[in-house]
Amino acid sequence: MKKNGLKAWLYLLPSLIFLGFFMVYPLVDVLIYSLEEGYNSASQTFTGVGLYNYAYVLRDPYFMQAVKNTFILVMITVPVSTGLALLISLGLSSIGKLRELYQTIYFLPYVTNTLAVGLVFMILFKKTPYTDGMVNLLIGLFGGRSVDFIEGPYWAKMFVLSFYTVWIVLPFKILILTSALASVKKDYYSAARIDGASGFKIFTRITVPMISPMIFYLIITGFIGAFKAYSDSVALFGTNLNAAGMNTIVGYIYDMLYGDSGGYPSYASAAALILFAIVFTITVINLLISRKKVNA
Amino acid sequence: MNDYEKIERRAAKRKRAVRIITIILLSVWALIVLFPFYWMVLSSIKSYSSYNSERIPKFIAEAPTFKNYVSAFTEVPLAKYFVNTLIFTVITTALMLVVTVLAAFAFARLDFRGKNVVFALFLALMMIPNELVIITNFQTITNLGMRNTFHGLILPSVTSVFYIYLLKENFESIPDELYKAAKVDGTSDLKYLLKVMIPISRPTLVTITILKVIECWNSYVWPRLITDDRARFLVSNGIQEIRENGFGRENIPAMMAAVVVISVPLIVLFLVFRKKIMEGVSRGGTKG
C-alpha cells in the first residue's frame, strides 16, 4: 500500500504546486487582505485590522450600483434563459431531421469570443449621428421611437445587456436540456397517450418531472454564472463601466484592483467576499428548494 | 368508420400545423443567433465611405472590398495579438495536459496514504470562484515583476481541477488487469502511463484539450489585469483596445474585419470537432 507513496506524491507534485500557489494560498490571503485596514500597495503596509473595508465597500455608491445592476441582470436572465432553453429544446426534440442543423447553429455563441461579438451587438444597437442602427430600424418599422441602447436610458442599456447575456448562455442550457429530453424513455409517452393524456398534461406530468433535476442544475449554475457577469458588459459598454452606470459586482472588484480607480486590493477582497457570500446563500436556497421539489 | 377517418385526418392535420409552427419559431431563434455573424461579415466587406453613407444599413454589400482586412493587419497590431494568443493557448494547454495527466494517474492508479483526503480537497477547490483568488494572484504576479510577460499570463491559468477529475474517472475505467499484466512484464509506471493509458484515454484528452483551447482563446479578465503593454495583448484585450483607441477614427468596417479574423479560428475548430465539443461541454463545460 505505502510501497509507491513517494512516487505518487511525485506525480502529484506539479498540480500541488500550481494549486497551492495559485488557489489555496490566495484563498487564505484574500481573507487577510479584506481585514487589513488602510493597506498601501506600494509599501505593502497597513494601519490596522478590522471590518472597515467591508463598511467602505457597502457604503460606496458605485458598489451599490453594481449590486443593483447585477441583481436586475440575474432576475431577468436566469428565468428568461432557462425558460427559453426549455421551449427551444422541446421544439428541437419534435422536429426530427432538421434537428442536428439547428443544434449546431444554436451552439455557435458558445464558441465565440464574448468581447468580439459584443462589438457586433453594440453596432447593431447603437445610435450614431450617421445612422440609427439596425435594431432601431426594426423598431421604426413597427412604429416605435428609436432609442440609443448603448448610451441612452438605463432600461434600454439593461435590455441590451440582458439580451446579449441570454444570447451567450443559451447554447449551454439548450445542450443540457436536449440531452436530458432525449433520455426520457419513450414508453412513458406511449403509456400516457394510450391513457388519453393531452399534450399539455404529458408535458407537466411526465416531461417536467423527468428532467427536473437538470432544470434545477441549470438554474443553480445559471444563478452562479449570472452573478459573475462582467465581460458581456465590458463588450457592450466599454471598460469604464462606472461611467456608463452598467458596472457589475465582478467589474467593481476588478476596478478596485486595477483600473482608473485601482490599487485597493483590500476593498477588492472585501467586495469579492461579499459576492461569494451572496452567491453561496442563493445556491444554498436553491438547493433547499430543489431538494423539496425534485424527487430524485 | 367515416367519422373515425375524419378524426384521424384532423389529428394528422393538426400535427402537421404544430410541426410547421415549431419549425418557424425555431428558425426565428436561429436567425437571431446567426444574424450578428452575418452582420459582422457584411460590415467588414463594406468600404469605410459606403458604410458611413448608409443611413439605412443595406443588407448586401454593393461593392465588396477586402481593404478592411488589410487595415486590420496593418493599422493595428492584430497579427501580434493573434500570435500572442496562439503562444498563450498552446503553452497553457500543453502544461495543463502534463499536470492533469500526472495527477489523474496518481489518483487513479497509485496507492498512497492520504489519497482520499487529498482528492476530497481537490474536489473542494472546484467550488472556489476565480474572483476570490484572482486578487492575490494579481498581487503575486505584480510583485514577482511578471506583469506583461507570458509567464505571468500562463502560470495562474494552467490548473483546472475539473479536468483532473474527468481524466481520473476515465483512467479508472481502464481494467486493472492491464496494469497488473504490465507490472508482471516489468513495465515502469511512467511507461505504462505513456504507452497504455494515454492512448486508451485519447477521446477524453482530446475533449479537455479542446475545452481548454476555447477557454484560453476567449480569456479576457486575467490578461486584462496583467497586461497593459499592447505588445503583450491577447485577442480579447486587443479587440477592446481597437474599439477604444482603434483606427484613429470610428472605422467600424475595419473593426468588424478584426472581429471576423478573431472569430474564425474557433468557429472552424467547432465545425471540425462539433460532436466532440458538444459532448465535452455537456459533460463538463460551464460558461453562463
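Keep in mind the model is a prediction, meaning the values are calculated, not measured.

### Some words on the overall build of chain A
Per the secondary structure count, chain A includes 13 helices and two strands. When its C-alpha atoms are laid out on the principal axes, chain A stretches across 75 × 75 × 35 Å. Among the 296 residues that make up chain A, the fraction classed as buried is 43%. For chain A, restricting intrachain contacts to residue pairs at least 6 apart in sequence, the fraction spanning at least 24 positions comes to 66%.

### Here we look at the overall build of chain B
Helix and strand counts for chain B come out as 15 helices and zero strands. For chain B, the spread of C-alpha atoms along the principal axes amounts to about 80 × 75 × 35 Å. Across the 288 residues that make up chain B, the buried fraction comes to 38%. Intrachain contacts of chain B at a sequence separation of at least 6 include 75% that bridge at least 24 residues.

### Focus: unusual backbone geometry
Residues and elements named next belong to chain B. Residues other than glycine seldom take positive phi values, yet Asn-148 does so here, at roughly 60°. The residue Asn-148 is located in the loop between helix H6 (130–143) and helix H7 (150–154) in this model. Classification of Asn-148 by C-beta neighbours within 10 Å gives partly exposed; the count is 16.

### Some words on the interface of chain A and chain B
With 76 residues of chain A at the interface, the matching set in chain B holds 71 residues. By residue number, the principal contributor to the side of chain A that touches chain B is helix H1 (residues 5–35) of chain A, which donates 18 residues. By residue class, the composition of the side of chain A that touches chain B is 55 nonpolar, 17 polar and four charged.

### Quick look at the packing of helix H4 (residues 99–107) of chain A against helix H7 (residues 154–182) of chain A
Residue and element names in this part refer to chain A. For the pair H4 and H7, the least separation of the axes is 8 Å and the interaxial angle reads 145°. Every residue of H7 that contacts H4 at Gln-103, Tyr-106 and Phe-107 is listed here: Leu-170, Pro-171, Ile-174, Leu-175 and Thr-178. Taken together, the residues of the contact of H4 with H7 break down into six nonpolar, two polar and no charged.

### A look at the nonpolar core
Of all hydrophobic cores here, the largest spans 153 residues; its most connected members are Leu-119, Ile-253 and Ala-271 of chain A together with Ala-258 and Val-259 of chain B. With 15 residues, H7 of chain A is the single largest residue contributor to this core. Shared between two domains, this core takes at least three residues from each, and those domains are domain 1 (2–68) and domain 2 (75–246) of chain B. Setting aside residues up to four positions removed in sequence, Ile-253 of chain A forms contacts with Ala-268, Ala-271 and Ala-272 of chain A together with Glu-131 of chain B.

### Some points on helix H5 (residues 114–125) of chain A
Because the α-helix completes a turn every 3.6 residues, residues three or four places apart line up on one side. All names here are of chain A. With twelve residues, H5 extends 16 Å from end C-alpha to end C-alpha; this agrees with the ideal 16 Å at 1.5 Å per step. Counting buried residues along H5, twelve of its twelve residues qualify, which places the element largely inside the surrounding structure. Taken residue by residue, H5 has Thr-114, Leu-115, Ala-116, Val-117, Gly-118, Leu-119, Val-120, Phe-121, Met-122, Ile-123, Leu-124 and Phe-125 as its buried positions.

### Observations concerning the packing of H5 of chain A against helix H13 (residues 235–245) of chain B
The interhelical angle for the contact between H5 of chain A and H13 of chain B, taken along N-to-C directions, is 30°, at an axis separation of 8 Å. Viewed along their axes, H5 of chain A and H13 of chain B adopt a mutual orientation that is roughly parallel. Across from Leu-115, Ala-116 and Leu-119 of chain A in H5 of chain A, the residues of H13 of chain B making contact are Ser-236, Ile-239, Gln-240 and Arg-243 of chain B. Considered class by class, the residues forming the contact of H5 of chain A with H13 of chain B number four nonpolar, two polar and one charged.

### Topic: the confidence of the model for chain B
Residues and elements named next belong to chain B. Mean pLDDT over chain B stands at 89; residues scoring 70 or higher make up 97%. Taken element by element, the predicted model of chain B shows its lowest mean pLDDT in helix H15 (residues 274–284) (83) and its highest in helix H4 (residues 78–109) (95). Predicted complex, confidence summary: ipTM 0.89, pTM 0.91.

### Describing the environment of Pro-265 of chain B
All names here are of chain B. In this structure, Pro-265 sits in helix H14 (residues 252–272). Take Pro-265: there are 18 C-beta atoms within 10 Å of it, and that puts it in the partly exposed class. A C-alpha to C-alpha distance of 43 Å links Pro-265 and Lys-180, two positions 85 residues apart in sequence.

### Remarks on the environment of Val-284 of chain A
Residue and element names in this part refer to chain A. Tracing the chain through its elements places Val-284 in helix H13 (residues 265–293). Here Val-284 falls in the exposed class, since 10 other C-beta atoms lie within 10 Å of it. Between the C-alpha atom of Val-284 and that of Ile-220, which follows or precedes it by 64 residues, the distance is 9.3 Å.

Reading the values: the criteria
Residues numbered from 1 in each chain as written. Chains lettered and ligands numbered in written order. Predicted model: local features only at pLDDT ≥ 70, side-chain atom pairs only at ≥ 80, totals over all residues. Helix = DSSP H or I, 4+ residues; strand = E, 2+ residues; numbered from the N terminus. Buried ≥ 20, exposed ≤ 12 C-beta atoms within 10 Å, placed from the backbone. Contact = placed C-beta atoms within 7 Å. Nonpolar A, V, L, I, M, F, W, Y, C, P; charged D, E, K, R; others polar. Axes fitted to C-alpha atoms, helices over the stretch in contact; angles between N-to-C directions. Core = buried A, V, L, I, M, F, W, Y, C linked by C-beta atoms within 7 Å. Domains from an automatic or database assignment. Expected span 1.5 Å × (residues − 1). Parallel < 35°, antiparallel > 145°, perpendicular 65-115°, else oblique. pLDDT = per-residue confidence, 0-100.

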